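One letter stands for each residue in the lines below.
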Amino acid sequence: MTPAPRTPQQRDRRLARVRRVSRRVLVGSGLSSAALVGLFAANAKPSIVSQVVDPTTTTTSPTSTTTTPAPTTSTSTTAPPTSGATTPTTAPSTTTTTRPAPTTTTTVPTPTTTQPTCYTSPSGIQECS
């Protein structure tokens, strides 16, 4: 007995199924390789080869000045003299706010020495920053 020949619709369905499966395999392998590359890149650490110290390189930070006024408050009560009155009198309360001269803080710049750090890539290229 000979097998029945496939119709064009059956052949098209079979090819479409093969295309879908191969596309899923291709996309899945691309995503998994991208995830692995990201994982390896996140865990990779450069190797420090040497650290060169140049004593002539200095950096000076700029001078900064901060001014802060601090308000103070004082309360005083003055009672007028009583002359033979039988009921006590109460003087009105007065409040005075005094602002002192502003406080100034000056930061003196301190020289700092920068040291370049050198890295060597796996291909052997040395880069200093």
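All chains use their own residue numbering, which begins from 1 and follows the written sequence. This being a predicted model, a pLDDT of at least 70 is required before a residue's local features are given, and a value of 80 or more before pairs of side-chain atoms are given or counted; all residues contribute to the totals for chains, interfaces and linings. Side-chain figures throughout are based on the complete set of non-hydrogen atoms in the structure, without hydrogens or water.

### Points about the overall build of the chain
So, step 1. Helix and strand labels come from DSSP, where a helix needs a run of H or I of at least four residues and a strand needs a run of E of at least two; each type is numbered from the N terminus. When helices and strands are tallied, the chain shows one helix and nine strands.
So, step 2. Buried positions account for 3% of the 129 residues belonging to the chain.
So, step 3. Contacts are assigned to residue pairs that have any heavy atoms within 4.5 Å of one another. For the chain, long-range pairs separated by at least 24 residues make up 67% of all intrachain contacts whose partners lie at least 6 apart in sequence.
So, step 4. Residue exposure ignores everything except the shown protein chains as possible cover, and the areas themselves are Shrake-Rupley values with a 1.4 Å probe. Within the structure as shown, the chain displays about 11400 Å² of accessible surface, and the carbon and sulfur contribution to it stands at 60%. Only protein chains enter the accessibility calculation, which uses a 1.4 Å probe; a residue is then buried when its area is under 20% of its type maximum, exposed when over 50%, and partly exposed in between.

### A word on the state of the cysteines
So, step 1. Defined by distance alone, a disulfide is two cysteine sulfur atoms within 2.5 Å. Overall, the coordinates contain one disulfide when judged by the stated rule.
So, step 2. The side chain of Cys118 participates in a disulfide bridge whose partner is Cys128; the two sulfur atoms lie 2.0 Å from each other. Looking down the S-S bond of the Cys118 and Cys128 bridge, the torsion is 105 degrees, so its handedness is right-handed. Of this pair, Cys118 sits in strand E8 (residues 117–120) while Cys128 sits in strand E9 (residues 126–128), and the two are ten residues apart along the sequence.
So, step 3. Classification of Cys118 by relative accessible area gives buried; the value is 2%.

### Regarding a nonpolar patch on the surface
So, step 1. On the surface, Leu36, Leu39 and Phe40 cluster together into a nonpolar patch covering about 310 Å² of accessible area.
So, step 2. Turning to its location among the elements, Leu36 is positioned in helix H1 (residues 8–43).
So, step 3. Exposure remark for Leu36: the relative accessible area of 44% places this residue in the partly exposed category. Any residue with relative accessible area above 30% and no salt bridge may belong to a patch, with like charges joined within 9 Å and the nonpolar Val, Leu, Ile, Met, Phe, Trp and Tyr side chains within 5 Å. The working definition used for a salt bridge is a side-chain nitrogen of Lys or Arg within 4 Å of a carboxyl oxygen of Asp or Glu.

### Here we look at the pattern of salt bridges
So, step 1. According to the stated counting rule, one finds one salt bridge in the structure shown.
So, step 2. For Arg11, the salt bridge goes to Asp12, with nearest N and O atoms at 3.9 Å.

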